[in-house]
Amino acid sequence: MRNMQGKVVIVTGAASGQGAAEAKLFAEHGAKVVVTDIDERGEDIAASFGSSGHFVRHDVGDEGGWAEVMRQTLDRFERIDVLVNNAGVFKPATLMETDVTLWQLHYRVNQLGVFLGMRAASEVMVKTGGGAIINVCSNAALNNVPGMFAYASTKWAVRGMTKLAASEFATLGIRVNSIYPGIIDTPMLGQNSAEQLTHYKSMIPMQRLGTPDEVARLVLFLASDDASYITGGEVTIDGGIG
Ligand SMILES: NC(=O)c1ccc[n+]([C@@H]2O[C@H](COP(=O)([O-])OP(=O)(O)OC[C@H]3O[C@@H](n4cnc5c(N)ncnc54)[C@H](O)[C@@H]3O)[C@@H](O)[C@H]2O)c1
């Protein structure tokens, strides 16, 4: 058990997949959890945590929405200790197939959303003694994975933003780390063709997909005081893809 008693955690994109598993694991470890998503199914997930859960319908690319998440979290739980920037979109396309609309969708959710989240949460965390931010990146930000130009570009940006933020916040008590999932069994995989999926699976040395629960355990560790000297870290969780 990691001790998360009394900690207040915000997980974005927590209505599905990894975010839902992370929210559940934090709640099981005693945290108060704010579930945010554009998907209303997040409401049921938050409700399953009883008085320790709270749902905010939230588009991470909307600056005003972040102010509302902060306001509701402080009203309900009085502090913010952890932010997991998990929300993401993935629509595979090569550079030549990528139009401005597709580019802007990825930019808005995967990149702008992470910037806005780090800025909003850090403003609160500096006043309450610090905290931890985990940015969900991707193996696509470590390797040259063709066919996902806009997606991979935004994840490379998140990798860089994490390093910059970790350095800026290092003396403020706020740790910022990024994680690099490989191929995790969530609804997002449905965006791939069967052929692409077979190809990606063939790249995994452990010869199986990762599970949302496995990613959630990594996020919980990085959020906990057991990771007190880890900031700016880049942790892979990909069955050995590297
Ligand atoms: N599944 C994988 O193989 C994999 C691999 C590497 C990285 N990732 C990353 O993991 C994270 C979680 O993805 P997942 O696999 O759980 O997929 P998922 O599709 O199950 O979950 C993504 C969630 O983000 C939410 N979302 C989308 N746009 C949003 C917005 N504008 N504002 C708020 N929420 C929004 C969706 O509603 C959904 O609940 C993403 O950042 C993704 O890029 C996934």
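Conventions and cut-offs
Residues numbered from 1 in each chain as written. Predicted model: local features only at pLDDT ≥ 70, side-chain atom pairs only at ≥ 80, totals over all residues. Heavy atoms only, no water. Near = heavy atom within 4 Å. Areas by Shrake-Rupley, 256 points an atom, 1.4 Å probe, with all protein chains shown as cover. 1 Å grid on protein atoms, 1.4 Å probe; cavity = no way out; pocket = protein on both sides within 12 Å on 5 of 7 lines; lining within 4 Å. Sits in = over half its atoms within 2 Å of the grid points. Nonpolar A, V, L, I, M, F, W, Y, C, P; charged D, E, K, R; others polar. Points joined across faces, edges and corners; volume = space filled by probe spheres on them. Helix = DSSP H or I, 4+ residues; strand = E, 2+ residues; numbered from the N terminus.

Labelled according to an unreviewed UniProt entry, the chain appears under the name Glucose 1-dehydrogenase, originating from Paraburkholderia elongata.

### Some points on the site of the ligand
Near the ligand lie 28 residues; those nearest to it are Ser16, Asp37, Asn86, Tyr151 and Thr186. For the ligand, whose free accessible area comes to 830 Å², the fraction covered by protein is 92%. Here the ligand occupies the largest pocket. Partitioning the shell around the ligand into residue classes produces 14 nonpolar, ten polar and four charged.

### Regarding the layout of surface pockets
Taken as a whole, the largest pocket spans an internal volume of roughly 1,000 Å³. As for the largest pocket, its lining consists of 44 residues, and the residues nearest its centre are Gly88, Val89, Phe90, Thr186 and Met188. Here the residues of the lining of the largest pocket are counted per class, giving 23 nonpolar, 14 polar and seven charged. Put simply, the second largest pocket is a space of about 240 Å³. Together, 16 residues line the second largest pocket, and Gly131, Ala132, Gly173, Ile174 and Arg175 are the ones closest to its centre. At the level of secondary structure, the elements contributing two or more residues to the lining of the second largest pocket comprise β5 (131-136) and β6 (174-181). Counted by class, the lining of the second largest pocket contains six nonpolar, six polar and four charged residues.

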